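Listed below are the residues making up each chain.
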Amino acid sequence: MAVNLTDLSLPQLEGLKTQLDQEIEFLTSSIGQLKVVQTKYVEAKDSLNVLNKNNKGKELLVPLTSSMYVPGSLNDVETVLVDVGTGYYVEKKVEDSKTFFKRKIDFLTKQIEKIQPTLQEKHAMKQAVIEVMNMKIQQLQQSQQSSQMVGTTKA
């Protein structure tokens, strides 16, 4: 059921605008979160390129925390442990891991592409509501000015 925005009162329009603002904020936040996860998968996939036979046995720093590392050496360049979610890790060959990360990246890209049109639609709806609100405010101001003028000419 479509509602004509011009039929709504200013308080109803204000409520609709507030609701649209909340929906826009939620969708924007969702896209942001998806992009953060997507970036992590891209970085993980890219870091797999270091695992090749030329780097076997090389020294490296292993992170214990974000600011503390211990020295180590790269012994296995064939397999990696992949975090598949909820604390589960699966041992995978490097090529299988690249495929896994590519699938995840593609899935997240599709999800972002699904949300984007809805976000644009909400922005357009909000703009339409703002335009109708401004029109109604102008009409209200004009009617107040004309009623003041009528009151001044009678006096």
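All of the points below concern the structure found in this document. Remember, it's a predicted structure, so these values are computed and weren't measured experimentally.

### Regarding the nonpolar core
At step 1: Core analysis: the biggest nonpolar cluster contains 19 residues, and Leu-48, Leu-51 and Phe-101 have the highest contact counts within it.
At step 2: Mapped onto this core, the elements with two or more residues apiece are helix 1 (10–47), strand 3 (79–85) and helix 2 (94–154).
At step 3: Once residues within four sequence positions are removed from consideration, Leu-48 is found in contact with Val-80, Val-94, Ser-97, Lys-98 and Phe-101.
At step 4: Counting 7 residues, the second-largest nonpolar core is a separate cluster that includes Leu-8, Leu-13, Val-132 and Met-133.

### As for helix 1
At step 1: Here helix 1 is 38 residues long and its end C-alpha atoms lie 55 Å apart, about the 56 Å a rise of 1.5 Å per residue gives.
At step 2: Taken together, the buried positions of helix 1 are Leu-13, Leu-20, Ile-24, Leu-27, Ser-30, Ile-31, Leu-34, Gln-38 and Tyr-41.

### Thoughts on the layout of surface pockets
Where empty space is left becomes clear once a probe the size of a water molecule has been rolled over the atoms.
At step 1: Considering only enclosed or pocket space, the largest pocket measures out at about 460 Å³ in volume.
At step 2: Taken together, 20 residues make up the lining of the largest pocket; nearest its centre are Ser-47, Leu-48, Leu-51, Val-80 and Leu-81.
At step 3: Elements with a contribution of two residues or more to the lining of the largest pocket: helix 1, strand 1 (59–65), strand 2 (68–73) and strand 3.

### Quick look at the pairing of strand 3
At step 1: Inspection of the sheet shows strand 3 paired to strand 4 (residues 88–93) by 6 bridges, in the antiparallel sense. Opposite Val-82, over in strand 4, you have Val-90 as the bridge partner.
At step 2: As consecutive antiparallel partners, strand 3 and strand 4 are separated by 2 residues, and within that stretch Thr-86 has a phi angle of approximately 45 degrees, a positive value.

The rules behind the values
- Residues numbered from 1 in each chain as written.
- Predicted model: local features only at pLDDT ≥ 70, side-chain atom pairs only at ≥ 80, totals over all residues.
- Heavy atoms only, no water.
- Core = buried A, V, L, I, M, F, W, Y, C linked by side-chain atoms within 4.5 Å.
- Buried < 20%, exposed > 50% of the residue type's maximum accessible area, 1.4 Å probe, protein only.
- Helix = DSSP H or I, 4+ residues; strand = E, 2+ residues; numbered from the N terminus.
- Contact = heavy atoms within 4.5 Å.
- Expected span 1.5 Å × (residues − 1).
- 1 Å grid on protein atoms, 1.4 Å probe; cavity = no way out; pocket = protein on both sides within 12 Å on 5 of 7 lines; lining within 4 Å.
- Points joined across faces, edges and corners; volume = space filled by probe spheres on them.
- Pairing = 2+ DSSP bridges.

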